[in-house]
Amino acid sequence: MADRVTVIGWDGSPLTSAARSALSAATLVAGAAHHLALPEVPPGAERIRLGSVDLAARRIAGHRGTAVVLADGDPGFFGVVRVLRAPEHGLEVEVVPAVSSVAAAFARAGMPWEDARIVVAHQRTLRRAVNVCRAHPKVAVLTSPGAGPAELALLLDGVHRTFVVCEELGTDREQVSVLTSDRAADHAWRDPNVVLVIGGVGAGGTGTPAVPWLMGQDPAVRSVRGWGLPAEEYATEGYGPRGHVPGATPPTRLGAGEDPALRAAQLARLGPRVGDLVWDIGCAGGAFAVEAARFGAAVIAVDTDPAACARTEAAARRHGVPLQTVPGRAPHVLESLPEPDVVRIAAGGVPVVTACTDRRPERIVTHASTRDEAEAIGTALADGGYAVESLLLQTVGLDPHDWSERERSVVFLLAGRRSDGAP
C-alpha cells in the first residue's frame, strides 16, 4: 500500500529535475486533464482524472506503487496538499512547488502583493468573496466555474473596481485583460483564471508609505487604535487635537444614537468580520460605518440625507477604508441592496426593523429613546424570529478638570440574534 505521495506543482514552465525524476518513477499519476497530457507522464502509469481530491487520496492510499499528484501552481497554497495530509489517509506528502497562480498574476500586473487579500470563489462562497472585494482595495480571487469574473462583476453592482483577469496562466493560451468591473460581466472568460480586483479607498496620507509587516493588511488602515471613538474622530470640521477649536466653524456633531458607548456596544453585538456585509441604516456622520469597515467587513451606508452620505464618505477617506453609500429612504431603498450578514438601524423605527428581519441577517442592532418605542421594536424583532436583548445604557461625560457633568446620554439598546440555529 502507498504511504507516500509526491505532489508536483506546474506553472506552465518546464518541470524541474526533481519533478521529472519523481514523475518518471510514478506508477500512478493523478491530475487534471491538461496535467495528464504532459509528455513526462509515464505511458504505463495508471492515470486518475482529479475531481474529488478526497477520493483520489483513497485511491492513492490503496495503490501498490509510487504515486504522484500534479496540480497547478503551488499545491500547498489553497491546493490539494491540505486534503492529502488529512490523518485518515495516512499519507506522507512531499511537495515540489511551482509559482502560484496568484504570484504569477501579480507579476503579470507588475504589482506588489504582500498587502493583498486572497480569496477562493466557489458558488457557495461567492457572496463572501465579493464582500471582501467590496471591503479591500486589493484582492486576488481564485475563481471556479460559475464563480468567475462575470459573476464577481454582477454582484459588485454599484461598486467601481478595476479587474485584471488572467486566463490560463503559463500556457500558450495565456491572456491578461485589464478592464473596469462594469464591463467584465459582458465577456465570456476561459477557465482557469485568476482575477485581481483593484480599487476603493486605500490608506491616505503623504510622505513615505508605511512598510507592510503582515500579509493581506495595509498597515496604515488601522493606525487609529480602538473603536467607539469620540466625536472628533469623525467630525468634518471645527475640531483640533484637543477638541473643538474656539472661534472655528461649529463642528459637525454626531447624529442621534451615535454616542460612542452605544456604538461600541452595537459593534460588540454585531461582531462584523471579513467576508460580512454590514448595512448601516441612518449613517449620519459615518462613525459606525467606518468602524465596521475597520474590522474588515464590507459596508453599505444608507441615509435619506445626501449630506450625511457625503460626510460618511469623507470619514471613510480619512480612515482609509472603502465603503459604499446609498442615498434613499428605508425601507424602500433596501429592496435593491445585496443580502446583509448584520444590520445596524439608526433610523426608521418598526417598519425598517420589519423590513430587515425579512432579509434574515444573522444579527440586528438598533436603539430607542423611549420605553414605548423600545417595546415596539423588541416585539418586531421577536415576531421576525429573533432572540431579543434589551438594555438601558446611560453614559455621563465628565470634565476631568473639575469632574463636573459635561454631557449625558440615556438610550435603550436592542439587539436581535437570528434564532433559527444558523451560525
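Refer to the structure presented above.
Since we're looking at a predicted model, the values are computed, not measured.

Definitions and cut-offs
- Residues numbered from 1 in each chain as written.
- Predicted model: local features only at pLDDT ≥ 70, side-chain atom pairs only at ≥ 80, totals over all residues.
- Heavy atoms only, no water.
- Helix = DSSP H or I, 4+ residues; strand = E, 2+ residues; numbered from the N terminus.
- Buried < 20%, exposed > 50% of the residue type's maximum accessible area, 1.4 Å probe, protein only.
- Contact = heavy atoms within 4.5 Å.
- Areas by Shrake-Rupley, 256 points an atom, 1.4 Å probe, with all protein chains shown as cover.
- Pairing = 2+ DSSP bridges.
- Axes fitted to C-alpha atoms, helices over the stretch in contact; angles between N-to-C directions.

A. Region of interest: the overall build of the chain. Each helix and strand in the chain was counted, giving 13 helices and 19 strands. With respect to the principal axes defined by its C-alpha atoms, the chain has extents near 85 × 50 × 45 Å. Counting all 423 residues of the chain, 47% fall into the buried class. Within the chain, residue pairs in contact and separated by at least 24 positions form 62% of the contacts whose partners lie at least 6 positions apart. Summed over all atoms, the accessible surface of the chain reaches about 20,500 Å², with 53% contributed by carbon and sulfur.

B. Representation of the side chain of S100. Here S100 shows up in the loop between strand 5 (92–96) and helix 5 (101–109). Every residue in contact with S100, bar those within four places of it in the chain, is listed here: G73, D74 and F77.

C. Structural detail: the side chain of S177. Counting through the fold element by element, S177 comes out in strand 9 (residues 175–180). Dropping the residues within four chain positions of it, S177 is found in contact with F163, V164, V165, E167 and W189.

D. Highlighting the sheet that holds strand 14 (residues 298–303). Spatially, 15-14-13-16-17-19-18 is the arrangement adopted by the seven strands of the open sheet, whose pairing is mixed. In this open sheet, the two edge strands, each paired with only one partner strand, are strand 15 (324–327) and strand 18 (386–398). The sheet shows a mean angle of 20 degrees between the axes of neighbouring strands, direction not considered. Pairing between strand 13 (residues 277–281) and strand 14: five bridges, direction parallel. Within strand 14, the residue paired with L277 across the bridge is A298. Sitting on the sheet, helix 6 (residues 126–135) touches strand 13, strand 14 and strand 15, and the angle it makes with strand 14 is about 70 degrees. Contacting strand 14 and strand 15, helix 11 (residues 306–319) runs over the sheet at an angle of about 175 degrees to strand 15.

Shape is all these values report; function is a separate question.
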